Structure formats: structure tokens, C-alpha cells
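What follows is the residue order along each chain.
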Amino acid sequence: MARTIETKMTQEDSAIESSLRPQNLKSYIGQAAIKESLDIAISAAKGRGDALDHVLLYGPPGLGKTTLAGIISNEMGTHIRITSGPAIEKPAEMAAILNSLQEGDLLFVDEIHRLNRQVEEVLYPAMEDFCIDVIIGKDSSSSSRSVRLSLPHFTLIGATTRAGLLTAPLRDRFGLIYRMEFYSVEELTQILMNSARLLRVDVDLGGAKEMARRSRGTPRIANRILKRVRDYAQVRYDGRISLEVAVEALDLMDVDRLGLDHADRNLLATIIEKFDGGPVGLDTIAAAIGEDPGTVEDVLEPYLLKNGLLMRTPKGRVVTESARIHLGL
Ligand code: ADP
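The shown structure was predicted, so the numbers you read here are calculated from the model rather than taken from an experiment. (Residues numbered from 1 in each chain as written. Predicted model: local features only at pLDDT ≥ 70, side-chain atom pairs only at ≥ 80, totals over all residues. Heavy atoms only, no water.)

K.L.:
Describe the site of the ligand, and please don't skip the residues or the numbers.
P.N.:
Around the ligand, 18 residues are found, and the nearest of them are Glu17, Ile29, Gly62, Thr66 and Thr67. A distance of 3.0 Å is found between an oxygen atom of the ligand and a side-chain nitrogen or oxygen belonging to Arg21. Thr66 places a polar side-chain atom, nitrogen or oxygen, 2.6 Å from an oxygen atom of the ligand. Computed on the free molecule, the ligand has an accessible area of 560 Å², of which 96% lies beneath the protein chains in the complex. Of all the secondary structure elements, the ones that give two or more residues to the shell around the ligand are helix H1 (11–20), helix H3 (65–76) and helix H9 (219–236). Here the shell around the ligand is built from residues that sort into nine nonpolar, five polar and four charged. (Near = heavy atom within 4 Å. Polar contact = N/O pair within 3.5 Å; in protein donor to acceptor, adjacent residues only side chain to side chain. Areas by Shrake-Rupley, 256 points an atom, 1.4 Å probe, with all protein chains shown as cover. Helix = DSSP H or I, 4+ residues; strand = E, 2+ residues; numbered from the N terminus. Nonpolar A, V, L, I, M, F, W, Y, C, P; charged D, E, K, R; others polar.)

Written as C-alpha cells, this is what we have:
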């Protein structure tokens with residue numbers, strides 16, 4: 001299947017990304033409601049000398065879930081262990097990770113919806129009662145028995161693109177559940193100005209605003225755009241990113257005034273041209289554009305839905321009048 005959407009990062013991307021991650025709640029821009037609630041929960045837990053409640057962060061990629069997990073660790077003053085759903089294949093591996101944690105430690109599980117069922121079941125007693133059941137002897141033999149091992153009080157931080165992908169028993173065990181929102185142009189402008197300072201890129205406010213407007217409400221995309229516009233400014237101009245330079249560079253990158261890229265426009269245009277504007281089902285659209293339905297739903301659609309370019313109806317997806325006007329179709 002053709003992959004039109006960049007979901008993988010290069011090593012350079014992830015190195016720069018780590019260097020741009022804010023380290024504490026104060027320097028984390030946006031997500032005001034989440035920050036306030038977390039601030040209270042963290043202060044309360046610290047005041048009691050307790051571990052923080054388990055936290056679930058959900059929302060599209062690049063909105064700052066991993067960053068927030070790192071910040072929680074800094075604010076709590078505890079260690080963080082980072083893993084992901086697909087990386088843990090066996091219940092024993094999960095049990096070993098849990099067993100290695102210390103009192104108050106954080107365990108960050110990215111893509112937590114991709115844990116398999118048996119591994120997930122190890123988490124239930126671990127999250128609820130801070131213990132795991134270890135089976136001794138062969139699984140099927142009558143001589144096998146299980147012993148309960150107690151665990152230190154730890155905090156699980158789960159991240160997922162959609163809360164609906166989690167099983168109910170897992171979701172119910174999180175005390176703090178936060179939906180990450182897309183960032184406003186003002187917030188992204190601030191993030192871009194900070195990143196430019198750290199990367200020593202010369203950007204004026206007009207240039208930063210233009211990049212912010214075209215970043216799909218997503219800090220990761222904003223930082224990626226900054227790097228590419230920086231290159232353009234350096235090669236074609238004197239290195240300074242002004243409004244004009246940003247517009248030129250972004251037009252060349254095929255990112256339009258609403259921040260839509262080729263993949264977004266292709267999705268909307270396909271629905272208009274091949275399906276008469278909809279309603280059309282997710283799998284049909286995905287097949288028509290050669291994408292995986294999960295990617296369409298988690299990566300492409302949320303921004304289009306939020307901006308009123310696409311609607312979800314019981315019969316399927318429908319393109320709106322604003323999308324037709326935007327595309328001139
Ligand atoms: P996710 O885990 O949701 O996919 P990340 O936490 O990896 O997203 O964020 C991607 C990048 O975006 C980070 O490296 C960081 O540089 C930047 N970023 C995310 N959220 C913020 C924020 N609130 N303020 C500043 N930068 C942010």
C-alpha cells in the first residue's frame with residue numbers, strides 16, 4: 001500500500017525533537033486545562049508523599065503526550081521508564097518491567113492500545129492493587145500455582161491516539177484521563193519562537209505566525225516546518241525567516257494556507273470527485289487513497305474534522321461546503 005504520509009522520523013528529527021522538549025509544566029505551552037488539573041494532582045500527590053494517579057493521554061500524534069510524560073516525571077522528581085505497546089509481547093516481559101520499578105516511578109507506555117490482551121491483563125491488578133500474579137510451574141499442569149507479588153506504588157502513563165481504542169477495563173483503571181487539543185496559532189507561534197531561539201534561527205513574528213498557521217495545530221509539525229523553512233531561508237536568502245520567506249518556502253513545500261498538505265487535499269478531493277462529496281465509509285476512502293484506515297482516522301481526519309472541512313455522519317464521511325470552496329472544486 002502506498003504510504004503518502006510521513007509518520008516515521010529520521011534520527012536527526014528525533015534528536016532535535018528531544019532537544020526542543022520543554023522540561024517543566026511552566027514552559028509547556030498550551031493545553032491549559034490539562035496543565036491546571038495536572039498541577040493540582042501533582043502537588044496533592046507530592047504533599048501526601050504518594051504516587052500520582054495513573055494518567056491516560058489521548059489525541060493525534062505530535063501534540064505533546066510524550067513531552068508531558070517527561071514533564072510529569074520532572075515535576076514529581078521520579079524516574080520514568082519508557083516503552084510502547086508493540087514492544088511488550090509477553091506477560092512475563094510486562095511483569096519484569098513492573099517488578100523493576102521503584103516506589104513512585106513512572107511507566108510510560110506509548111501506543112498503549114496496541115498491548116495484547118494477555119499483557120494488558122497483567123496491568124489490571126498492577127494498576128489497581130499494585131501487585132502481580134506470577135504463575136509457578138507449567139501453565140497447564142495441576143501442580144502450577146500462582147503467587148502474588150506486591151509492587152511499589154508506581155504511576156502508569158498511557159498514551160494513545162484514540163481513547164476509544166482502549167478496552168473498557170484498562171480505560172477504567174486510569175484516574176486522570178486527558179484529551180489533548182490541537183494548538184492555537186498563538187500557542188504555536190510561541191512554540192516556534194522558543195524553538196527558533198534554541199536552534200539559533202533568526203525568525204520575525206510575521207514569519208513565525210505564518211509557519212504557525214500552517215502547522216496543522218501540531219507542535220511536532222511546527223518544529224519540522226521551522227527546520228525546512230530555515231534551510232530555504234539560508235539557501236535563497238540571508239537566513240532570516242520573514243513573512244515573505246515563510247510564505248514562499250511553505251508554498252514550495254506544498255503546505256497550503258490552512259496547513260493542509262498533499263495527503264489532506266487528496267483525501268478531500270477524492271471524496272468530492274469519486275464519491276460525490278460523500279457520505280462514504282472510512283474503509284472505502286482509505287482504499288481509494290491507498291492509505292491504512294487507522295492512519296486516515298488518527299492522523300488525517302482529526303484536523304479536517306476540527307476545521308469543519310469534513311463531517312462524520314452515521315452514513316459515513318461528508319465533505320463540507322468550506323472544503324469545496326477551499327479546494328476550488
Ligand atoms: P506525541 O507524544 O503526542 O506524539 P511529542 O510529545 O513527542 O508528541 O511532541 C512532539 C514535539 O513537539 C516535541 O519534541 C516538542 O518539541 C514539541 N512539543 C509538543 N508539545 C509541546 C508544547 N506544549 N510546548 C512546546 N513544545 C511542544
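K.L.:
Describe the nonpolar core, listing the residues and the values that go with them.
P.N.:
Core analysis: the largest hydrophobic core is formed by 67 residues, its most contacted members being Leu52, Met211 and Ile241. With six residues, H9 is the largest single contributor of residues to this core. Residue contacts for Met211: discarding those within four places in its chain leaves Leu192, Val203, Ile225, Leu226, Val229, Ile241, Ala246 and Leu250. Within the second largest apolar cluster, 25 residues are counted, among which are Leu107, Val119, Leu151 and Leu170. (Core = buried A, V, L, I, M, F, W, Y, C linked by side-chain atoms within 4.5 Å. Buried < 20%, exposed > 50% of the residue type's maximum accessible area, 1.4 Å probe, protein only. Contact = heavy atoms within 4.5 Å.)

K.L.:
Hey, could you go over the sheet that holds strand E1 (residues 55–58) for me, with residue numbers and the actual values?
P.N.:
Taken together, the five strands give an open sheet; going across it, the order is E2-E3-E6-E1-E7, and neighbouring strands pair in parallel fashion. Taken across any chain shown, the strands that pair with only one partner, and hence form the sheet edges, are strand E2 (80–84) and strand E7 (176–179). Neighbour-to-neighbour, the strand axes of this sheet turn through a mean angle of 15 degrees, independent of strand direction. Pairing geometry for E1 and E7, over four bridges, is parallel. Paired with Val55 across the strands is Leu176, a residue of E7. Of the strands in this sheet, E1, E2, strand E3 (106–110) and strand E6 (155–160) touch H3, which is tilted by about 175 degrees from E3. (Pairing = 2+ DSSP bridges. Axes fitted to C-alpha atoms, helices over the stretch in contact; angles between N-to-C directions.)

K.L.:
Lay out the side chain of Ser73 in plain terms, naming residues and giving numbers.
P.N.:
Residue placement: Ser73 occurs in helix H3. Only 2.8 Å separates the side chain of Ser73 from the backbone oxygen of Thr78, close enough to count as a polar contact. In contact with Ser73, other than residues within four places in its own chain, are Thr78, His79, Ile80 and Leu106.

K.L.:
Lay out the pattern of salt bridges with the relevant residues and their values.
P.N.:
Overall, the coordinates contain 21 salt bridges when judged by the stated rule. The closest approach of N and O atoms between Glu128 and Arg173, which form a salt bridge, is 3.4 Å. In this pair, Glu128 sits in helix H5 (residues 117–129) while Arg173 sits in the loop between helix H6 (168–171) and E7, placing the two residues 45 residues apart along the sequence. Between Asp254 and Arg265 there is a salt bridge, with the nearest N and O atoms lying 2.8 Å from each other. A residue pair is termed long-range when its members are at least 10 positions apart, and Asp254 in the loop between helix H10 (243–252) and helix H11 (262–275) and Arg265 in helix H11 qualify at eleven residues. Look at Asp254 and you get partly exposed, because its relative accessible area is 38%. The exposure class assigned to Arg265 is buried, which follows from its relative accessible area of 18%. Members of the salt-bridge network, linked through shared partners, are Arg162, Glu297, Asp298, Glu301, Arg312 and Arg317. (Salt bridge = Lys/Arg side-chain N within 4 Å of Asp/Glu carboxyl O.)

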